Amino acid sequence: MDALNPNARSGWRHERGEASLSDVYRTVGTGRHSSVWRRAAAFAGPGYMVAVGYMDPGNWATSLAGGSKFGYALLTVALLSNLMAIVLQSLCARLAIASGRDLAQACRDAFPKWVSVPLWAFAEIAIIATDIAEVIGTAIGLNLLMGIPLELGVLITALDVFVILFLQKLGFRWVEAFIIALLGVIAVCFGVQILLADPQWGAVVTGFFPTTEIVTNPEMLYLALGILGATVMPHNLYLHSGIVQTRAYGHTVREKKEALTFATIDSTVALCFALLINASILILAAAAFNAHGKTDVVELGDAYSLLSPLLGLAIAPTLFGIALLCCGLNSTVTATLAGQIVMEGFLKIRLKPWMRRLITRAIAIVPAAIVTIWYGDKGTAELLILTQVVLSLQLSFAVFPLVMFTASKAKMGELVAPRWLSGIAYLIAVVIAGLNVKLLFDFVTG
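What counts and how
Residues numbered from 1 in each chain as written. Predicted model: local features only at pLDDT ≥ 70, side-chain atom pairs only at ≥ 80, totals over all residues. Heavy atoms only, no water. Helix = DSSP H or I, 4+ residues; strand = E, 2+ residues; numbered from the N terminus. Buried < 20%, exposed > 50% of the residue type's maximum accessible area, 1.4 Å probe, protein only. Contact = heavy atoms within 4.5 Å. 1 Å grid on protein atoms, 1.4 Å probe; cavity = no way out; pocket = protein on both sides within 12 Å on 5 of 7 lines; lining within 4 Å. Points joined across faces, edges and corners; volume = space filled by probe spheres on them. Nonpolar A, V, L, I, M, F, W, Y, C, P; charged D, E, K, R; others polar. pLDDT = per-residue confidence, 0-100. Axes fitted to C-alpha atoms, helices over the stretch in contact; angles between N-to-C directions. Parallel < 35°, antiparallel > 145°, perpendicular 65-115°, else oblique. Left-handed = near helix turned anticlockwise from the far one by under 90°. Core = buried A, V, L, I, M, F, W, Y, C linked by side-chain atoms within 4.5 Å. Expected span 1.5 Å × (residues − 1). Salt bridge = Lys/Arg side-chain N within 4 Å of Asp/Glu carboxyl O.

J.: Explain the overall build of the protein here, please?
T.: Broken down by element type, the protein carries 21 helices and zero strands. Looking at the protein as a whole, 59% of its 446 residues are labelled buried. Here the analysis covers contacts within the protein between residues at least 6 apart in sequence; of these, 86% occur between residues at least 24 apart.

In structure tokens:
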């Protein structure tokens, strides 16, 4: 076990036990005696895997619905979500580096079972909701580009577990390279589509400023929470706190502080890049659909078929389909890793890595496949948006423990979060919880 700060160790009910993602734990060298730039580059990667959560197919559904119905108005929600994510993901890196635990392990070691077991159940629900969105998105992408039936596409997505196993045998850097390469393809696809759509840039800038209508209009609030749930996703908090520990940083306080700085820079830069992609989805929907009176575009298939006649070029829907498929592949890879972190961290399962991958993947993808096949081609948009709202409702059960842990001097030692940072994080947690209470109230009262 790592030489943890004694003060940090004393704040936990139990010792950490097995390391997070033990088969790739501390396998990426950080060049401790290299230049600052080389050391910083060694920490680049995990942030981009987290950024994938901004572009998952569930996010597409909420952004397409929001952009087509309300134009650019919900861009402010995308920006606010991004700022929240930057704060929360920095806390994930802090928790991992200071305590040597991922968020799931921290919940297990800090709380009694009557608290940690329900938290595990909520985390699994979030992983399943995430997987439903990603399975649907990948299957729709395969259907749009290659004509593969949705049901067969769902089964094909299950093979992603073997992609992860193969890449991790080569080294965790290969997993990150795979993710970043697909992000590059997505960025190019959206860049071209935005140029073709030619949005009203003045309206785009205005859209980043908040409006009270978002809270007073139940339909807009529902979509806003969907965007929030699609952006600040519970599984990303577990994922980031695990994959940060693939870096072989030192054990002294100085080395850990440097590691935290580089990890925070990595996630902040990656999340700013992700905001551009996330906002592009909404801008494309607003410029291509809302501006032409198409205010009810929610199905990914409808968006695909409408892009060509509205933008005037046959390549537009192809780029849309390619980006969607890349998003789905990326998201399923990161969700599979998050599922492993959640199950191992909460339950201390001790199995061979390939068996862990298969079990944790099956727990998430079997319900996802059943729901997807049950719904069929129609109604996928409503299902995608619903999964994002479910994620938003689950978010508080991951955010509050994270903020509590990182604000504790006993648990974090010298790397305890500054009071101003904890204050902002608690405010974010309360805002998220408050919005969810309003959503449930509006739902119950009709």
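J.: Looking at this model, I keep getting lost on empty space enclosed by the protein. Mind explaining?
T.: Summary: where empty space remains is shown by rolling a probe the size of a single water molecule over the atoms. What the rule picks out here adds up to four cavities of 30 Å³ or more. Lining the largest cavity are 16 residues, and of these E18, A19, Q105, R108 and E344 sit closest to its centre. Sorting the residues of the lining of the largest cavity by element identifies α6 (103–110) and α17 (315–347) as the ones contributing at least two each. Sorting elements by how many residues they give to the lining of the largest cavity places α17 first, with four residues. Counted by class, the lining of the largest cavity contains four nonpolar, five polar and seven charged residues.

J.: How should the confidence of the model for the protein be read in this particular structure?
T.: For any part of a model where pLDDT is low, the fine detail of the predicted coordinates should not be relied upon. The predicted model of the protein has a mean per-residue pLDDT of 83, with 88% of residues at 70 or higher. The lowest-confidence element of the protein is helix α1 (residues 6–9), averaging 44 in pLDDT; the highest-confidence one is α6, averaging 95. Contacts from residues 1–9, a stretch scored under 50 in pLDDT, to residues over four places away or in other chains number 27 contacts.

J.: How do you make sense of the packing of helix α7 (residues 113–146) against helix α8 (residues 150–157) when you look at a structure like this?
T.: Between two packed helices, what matters for the description is the angle formed by their axes and the separation of those axes. The geometry of α7 relative to α8 is characterised by a closest axis approach of 8 Å and an angle of 120 degrees between their N-to-C directions. Judged by the inter-axis angle, α7 sits oblique to α8. Every pair of crossing elements has a handedness; the one defined by α7 and α8 is right-handed. Contacts from V135, T138, A139, I140, L142 and N143 of α7 reach α8 at L150, G153, V154, I156 and T157. Split into classes, the residues belonging to the contact of α7 with α8 amount to seven nonpolar, four polar and no charged.

J.: What's the story with the nonpolar core in this structure? I'm lost.
T.: If you look at soluble globular proteins, the nonpolar side chains tend to sit buried side by side. If you look at the biggest cluster of nonpolar residues, it comprises 128 residues, and the most contacted ones within it are W60, L74, L103, L237, Y238 and F405. It is helix α15 (residues 253–288) that contributes the most residues to this core, 17 residues altogether. Residues in contact with W60, not counting those within four places in the same chain, are M55, F190, I281, L300, F320, A323, L324 and C327.

J.: Sorry if this is basic, but what is going on with helix α5 (residues 75–99) here?
T.: Spacing of three or four residues puts side chains on the same side of an α-helix, whose turn is 3.6 residues. In this model α5 runs 36 Å from its N-terminal to its C-terminal C-alpha over 25 residues, within 8% of the 36 Å that 1.5 Å per residue would give. Buried residues dominate α5, accounting for 22 of its 25 residues. Phi for G100, located one or two positions after α5, is positive at around 75 degrees.

J.: Please clarify how the packing of α7 against helix α14 (residues 234–243) should be interpreted in this entry.
T.: Following both chains from N to C, one finds α7 and α14 inclined at 105 degrees, their axes separated by 8 Å at the closest point. For the element pair α7 / α14, the angle class is roughly perpendicular. Every residue of α14 that contacts α7 at L119, A123, A126, I127 and T130 is listed here: P234, H235 and Y238. For the contact of α7 with α14, a count of residues per class yields six nonpolar, two polar and no charged.

J.: Would you take a moment to explain unusual backbone geometry for this structure?
T.: Excluding glycine, most residues fall at negative phi; most peptide bonds, likewise, are trans. Even without glycine at this site, R26 takes up a positive phi of about 55 degrees. Its place among the elements puts R26 in the loop between α1 and α2 (36–42). Positive phi outside glycine occurs at D198, with the angle close to 50 degrees. Within the secondary structure, D198 is located in the loop between α10 (172–197) and α11 (201–207). Judged by relative accessible area, D198 falls into the exposed class, the value being 58%.

J.: How do you make sense of the pattern of salt bridges when you look at a structure like this?
T.: Opposite charge on two side chains permits them to pair, given that their charged atoms come into close proximity. For the structure shown, the criterion picks out seven salt bridges. With a shortest N-O distance of 2.8 Å, E258 and R39 are connected by a salt bridge. Highlighted residues: E258 in helix α15 and R39 in helix α2, separated in sequence by 219 residues. A relative accessible area of 25% means that E258 is categorised as partly exposed. Its relative accessible area of 13% is what places R39 among the buried residues. Here E176 and R173 are joined by a salt bridge, their closest N and O atoms 3.0 Å apart. In this pair, E176 and R173 are both assigned in helix α10, three residues apart and thus about one turn of the helix distant. Salt bridges sharing partners connect three or more residues here, namely R101, R108 and D109.

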